Structure formats: structure tokens, C-alpha cells
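Report on the structure
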Amino acid sequence: MYNSRIVGLGKYLPDNVVTNDDLAKIMDTSNEWIVERTGINERRHIVKGSDDSPSTMAFKASKIALNRAGIKASELDMILFATLSPDLYFPGSGVLLQELLGISSCPSMDIRMQCSGFIYALSTADQFIKTGMYKNILVIGSENHSGGLDMTTRGRSVSVIFGDGAGAVVVSGCEDADTGILSTHLHSEGQFAEELALIG
């Protein structure tokens, strides 16, 4: 049986820095209020009209992760793309990333589990590798939160927390049972679904 290990990491953040003082100019808040409740001083937001999107940010992060892993995109067996803000409702952002990477047939799957999505994607990659089905899997977390935030005082309890960006890891199989991801444990509580729901 194989074990899974992270062999390359990459990230991408938009250039546009939004500080707590910037937010205080457009809503009833302050740097002190935000830092006391979240510990956050700044975040990044996509500039409207730029080429940044969940898939393009993921592409930039993925190139770094692949380079650090020392493998080519063509060596990937699967893409798992975690996002709650996909480029399109369908198809998923995973296939858009696949196209940007120039891969013709590797399976791509979006995982829509909100804040825990990256953990779900990492756990899914771990299972595919442990069974021996795949050897190299690209796991992405990429979000365009700023596109859906209420940037007024009414939305300050949420909008001060979230920003935009992407992270990528290459997960590969190894035969060392003492190295890498030893286990993962996933849980959900559906009874609280409406507490964090986006009602259409």
C-alpha cells in the first residue's frame, strides 16, 4: 500500500492589497475592531477587469507547485479543485485549469465544501493514492471571495475576514509508511446547513 506526501507547494495572491484602514473608509469599522476579532491586518482583492479568476490564480499557484515538485503537468493523474466561487456554475474550474495547464485527458473534479474544501480535496487525493489508482495529484484551493462580499456596514462581520487567492499542492505516492499523510478524518453537520447558507 502506498502513502501520500506533499512534494510541492505554490501560492498566488492578487496585487491589490486591501488594509483594515481601507475598509474603514467604506464601512463602520476600524483597524482595532477587525484585529481584535480576527487578527487580520490586510487581505487581497481581485481588481475588476483584471485577468485574475479562480482558475487563472490556480494556474499561477500550480506552476510554482509543479516546479517545486520537479514534475511536469503531463505527469499529473488527477486535478482536485476546491472552491466555493467557481469561474462558472458549470463546467467546474478544474477543467478550466486543466486546459490552462495543457493537459488533454487527466480527470478534474471540483469540490464545493466551502471553508473545509481544501481539506476534503486533500483527503480525496490521499485515498486515490493509497489505493494505488493514481500517483500524482494536483490539489487546489482558489477563491474569488471579494466578488460576492457585502462591502457595507451591514456585511462587515463577514467581509472583513475574506480575501482572494490560490494555493496548490502536488500530492504524490511513496512506499514509506512513516512519511506523509498518515490519516485524514472528515465530518459534516447537516443540521446546521442553513446557518451558513447562500439562498438563491
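Further up the page is the structure itself.
Notes on the structure follow. Note that the structure is predicted; figures quoted are calculated from it, not measured. (Residues numbered from 1 in each chain as written. Predicted model: local features only at pLDDT ≥ 70, side-chain atom pairs only at ≥ 80, totals over all residues. Heavy atoms only, no water.)

**As for the overall build of the protein chain**
The number of helices and strands found in the protein chain is six helices and seven strands. Counting from the amino terminus, the protein chain carries its helices and strands in the arrangement β-β-α-α-β-α-β-α-β-α-β-α-β. Here the C-alpha coordinates of the protein chain stretch approximately 55 × 40 × 30 Å along the principal axes. Out of the 200 residues belonging to the protein chain, those deemed buried represent 41%. Long-range contacts, defined as pairs at least 24 residues apart, comprise 78% of the intrachain contacts of the protein chain with a sequence gap of at least 6. If you sum the accessible surface of the protein chain, you get close to 11,400 Å²; carbon and sulfur atoms cover 54% of it. Seen as two clouds, the 16 positive and the 24 negative side-chain charges of the protein chain have centres 5 Å apart. (Helix = DSSP H or I, 4+ residues; strand = E, 2+ residues; numbered from the N terminus. Buried < 20%, exposed > 50% of the residue type's maximum accessible area, 1.4 Å probe, protein only. Contact = heavy atoms within 4.5 Å. Areas by Shrake-Rupley, 256 points an atom, 1.4 Å probe, with all protein chains shown as cover. Lys, Arg positive; Asp, Glu negative; His and termini not counted. Charge placed at Lys NZ, Arg CZ, Asp CG, Glu CD.)

**Observations concerning the pairing of strand β6 (residues 136-144)**
Burial of β6 is extensive: seven of the nine residues sit out of reach of the surface. Here five bridges tie strand β4 (residues 78-82) to β6, and the two strands are oriented parallel to one another. For Ala82, the partnering residue across the bridge sits in β6 and is Gly141. Bridge count between β6 and strand β7 (residues 164-174): nine bridges; the pairing is antiparallel. Bridge pairing in β7 links Val139 to Val169. (Pairing = 2+ DSSP bridges.)

**Brief notes about the packing of aromatic side chains**
Within the structure shown, the criterion is met by one aromatic pair. Their ring planes at 40° and their centres at 5.2 Å tell us that Phe128 and Tyr134 sit as a pair that is tilted. The partly exposed category is assigned to Phe128, whose relative accessible area is 22%. Over the face of the ring belonging to Trp33 we find Arg156, whose NZ or CZ atom lies 4.5 Å from the ring centre. (Phe/Tyr/Trp six-rings, centres within 6.5 Å; stacked < 30°, edge-to-face > 60°. Lys NZ or Arg CZ within 6 Å of the ring centre and 35° of its normal.)

**A closer look at helix α5 (residues 117-130)**
One turn of the α-helix equals 3.6 residues, which is why residues spaced by three or four share an orientation. For α5, with 14 residues, the first-to-last C-alpha span of 20 Å sits near the 20 Å given by 1.5 Å per residue. On its buried face, α5 is in contact with β1 (3-12), β4, β5 (108-111), β6 and β7. The first or second residue beyond α5 is Gly132, which carries a positive phi of 85°. (Expected span 1.5 Å × (residues − 1).)

**Here's the deal with the pattern of salt bridges**
Scanning all chains against the criterion turns up seven salt bridges. Note that Glu36 is salt-bridged to Arg37, the shortest N-O span being 3.8 Å. Taking relative accessible area as the criterion, Glu36 reaches 65% and is therefore assigned exposed. Given the relative accessible area of 48%, Arg37 is considered partly exposed. For Asp51, the salt bridge is made with Lys60, and the minimal N-O distance between the two is 3.7 Å. What makes Lys60 partly exposed here is its relative accessible area of 24%. Among the ionic contacts, a cluster of salt bridges with common partners joins Asp51, Asp52 and Lys60. (Salt bridge = Lys/Arg side-chain N within 4 Å of Asp/Glu carboxyl O.)

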